[in-house]
Amino acid sequence: MSSLAVVSPSGGTTVLPIQAHYEAMEGPAAHQPSSSHTTASCGGPGRSFKERCCFSCFHAPRNSSSRCRRIKEWFNRVLYKLQRWWKTHIRACPPLTPVEEGLLGDLTRVASVENSISEESMNSHLIDWWTLVTADVGSAPPELPRDERWKAVGFQSACPSTDLRTGPHALLCMVQAARAYTSEFREMVAVSDGYCLMDFNQFHYPFAATAINVHFMLLHYLGIVDGFSPVTKDAIVASGYERKVFASALALTNGAFEDLFTATCMAVHSHWTRMVADEGATLMDFQESLAFGLNRAASALVKSRPVEDLPSWHRVLVNICISFPPPHTITPPV
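Basis of the calculations
Per chain, the residues get numbers from 1 upward, laid out in the order the sequence is written. Given that this is a predicted model, residues contribute local features only at a pLDDT of at least 70 and side-chain atom pairs are listed and counted only at 80 or more, while totals for whole chains, interfaces and linings are drawn from all residues. Note that the side-chain values use all heavy atoms of the structure and ignore hydrogens as well as water. To define axes, lines are fitted to C-alpha atoms, for helices over the stretch in contact only, and angles between the resulting N-to-C directions are given on a 0 to 180 degree scale. Every helix listed is a DSSP run of H or I at least four residues long, and every strand listed is a run of E at least two residues long, numbered separately from the N terminus. Roughly parallel means an angle under 35 degrees; roughly antiparallel means over 145; roughly perpendicular covers 65 to 115; every other angle is labelled oblique. Any two residues whose heavy atoms approach within 4.5 Å are treated as being in contact. For this classification, the nonpolar set comprises Ala, Val, Leu, Ile, Met, Phe, Trp, Tyr, Cys and Pro, the charged set comprises Asp, Glu, Lys and Arg, and every other residue, Gly included, is treated as polar. For the purposes of these results, a polar contact is taken to be a pair of N or O atoms within 3.5 Å, where, inside protein, one atom must be able to donate a hydrogen and its partner to accept one; residues adjacent in sequence count only when each atom of the pair is a side-chain atom. The definition of a nonpolar core used throughout is a set of buried Ala, Val, Leu, Ile, Met, Phe, Trp, Tyr and Cys residues joined through side-chain atoms within 4.5 Å. Buried, partly exposed and exposed residues are distinguished by accessible area as a fraction of the type maximum, computed with a 1.4 Å probe on protein chains only: under 20%, between the cut-offs, and over 50%, respectively. A pair of aromatic rings is counted whenever rings of Phe, Tyr or Trp (Trp by its six-membered ring) have centres within 6.5 Å, and the orientation is called stacked for planes under 30 degrees apart, edge-to-face for over 60 and tilted otherwise. Think of pLDDT as the predictor's per-residue confidence, scored from 0 to 100.

The protein goes by ELMO domain-containing protein in an unreviewed UniProt entry, where it is assigned to Perkinsus marinus.

Take a look at the structure:
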């Protein structure tokens, strides 16, 4: 398996696998980039409108592994629409229970963009995020409110609070998820940013900023918040059936949203690293990975039955990202 040597904030070197997620899905041989393709010909900024249309996967000039992957993604989107139509119009959707309605209402209140927390609490959660996702435990956290090292854990700005435009719940969710799935988040942060100290990292993307977008994208999909989804034209709003499945998981475990958030982040990360390896994609193409993560989450919910136990919820999460960790790491109910 290929590996990436990552320089940590304290100067040490950590070797992390960069193909663990997508090799498990399609095999390592499928992800060797072609030596002859270019970004423009493989989905980069130079591709034409015809290549961007929904059937571009069949005729766009890409290598074989990329073309097969895009055909599979297109098929999964069609399958999701069919399953959604069936569950919505043919099969009766079980109503939400009073408990499930209350839990969705609670999530709506705590995730509101208008909510605020004190500067002291915000700083404390930011330091928690740094501690949880950096490879070297015990490394001194950056200064607040401003330090260039905050970019090393995925923020776009040296002042991380400016990235949190969708409210403090995004940061709370990130910290809780990273606490439950520390190794997964450390690997994603290391691969995506290389702690900003590498000369070149082809897989670079601002992970914390992406996680904030994934958080809002899922809330928008579930009908928890209003506004525009980060994936714009590819945005999906959950049907009543999908909300029922998620609400049943929320009634089972108080960490259901963090679980869904983590699995979607892993799916986005996996898709992005595959797309870079296959096509030499640039950050101009990153919205495709966000849309992929949303489609995986929606497809997993629509094909599932209302959740009855932790193993069935774990199967939903594995359907989002096949490398999701075993069920014993899922947050237990209070």
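The discussion continues.
Caption draft 1: Summary view of the packing of helix H5 (residues 98-110) against helix H10 (residues 240-252). At a minimum axis distance of 9 Å, the contact between H5 and H10 shows a crossing angle of 90 degrees. Classified by the interaxial angle, the pair formed by H5 and H10 is roughly perpendicular. Across the interface between the two elements, Val-99, Glu-100, Leu-103, Leu-104 and Leu-107 from H5 touch Arg-243, Lys-244, Phe-246, Ala-247, Ser-248, Leu-250 and Ala-251 from H10. Residue composition of the contact of H5 with H10, grouped by class: eight nonpolar, one polar and three charged.

Caption draft 2: A look at the side chain of Arg-296. Among the secondary structure elements, Arg-296 is positioned in helix H12 (residues 286-302). A distance of 2.8 Å separates a polar side-chain atom of Arg-296 from the backbone oxygen of Asn-319.

Caption draft 3: Examining the nonpolar core more closely. In this structure, Trp-129, Phe-185, Tyr-221, Phe-246, Phe-261 and Trp-313 are the most contacted members of the largest nonpolar core, which totals 81 residues. The greatest single-element share of this core, amounting to twelve residues, is contributed by helix H11 (residues 256-279).

Caption draft 4: Focus on the packing of aromatic side chains. Scanning the model with the defined rule gives twelve aromatic pairs in all. Between Trp-129 and Phe-185, the ring centres sit 6.1 Å apart and the planes meet at 80 degrees, which makes this aromatic pair edge-to-face. Of this pair, Trp-129 sits in helix H6 (residues 119-133) while Phe-185 is found in helix H8 (residues 182-193), placing the two residues 56 residues apart along the sequence. An identical accessibility class is assigned to Trp-129 and Phe-185; each is buried.

Caption draft 5: Here's a closer look at the confidence of the model for the protein. Mean pLDDT over the protein works out to 78, with 73% of the residues at or above the 70 mark. This stretch, residues 1-61, has a pLDDT under 50; its non-local contacts, to residues over four places away or in other chains, come to 140 contacts. Scored below 50 in pLDDT, residues 328-334 shows 20 contacts in the model against residues more than four places distant or in partner chains.

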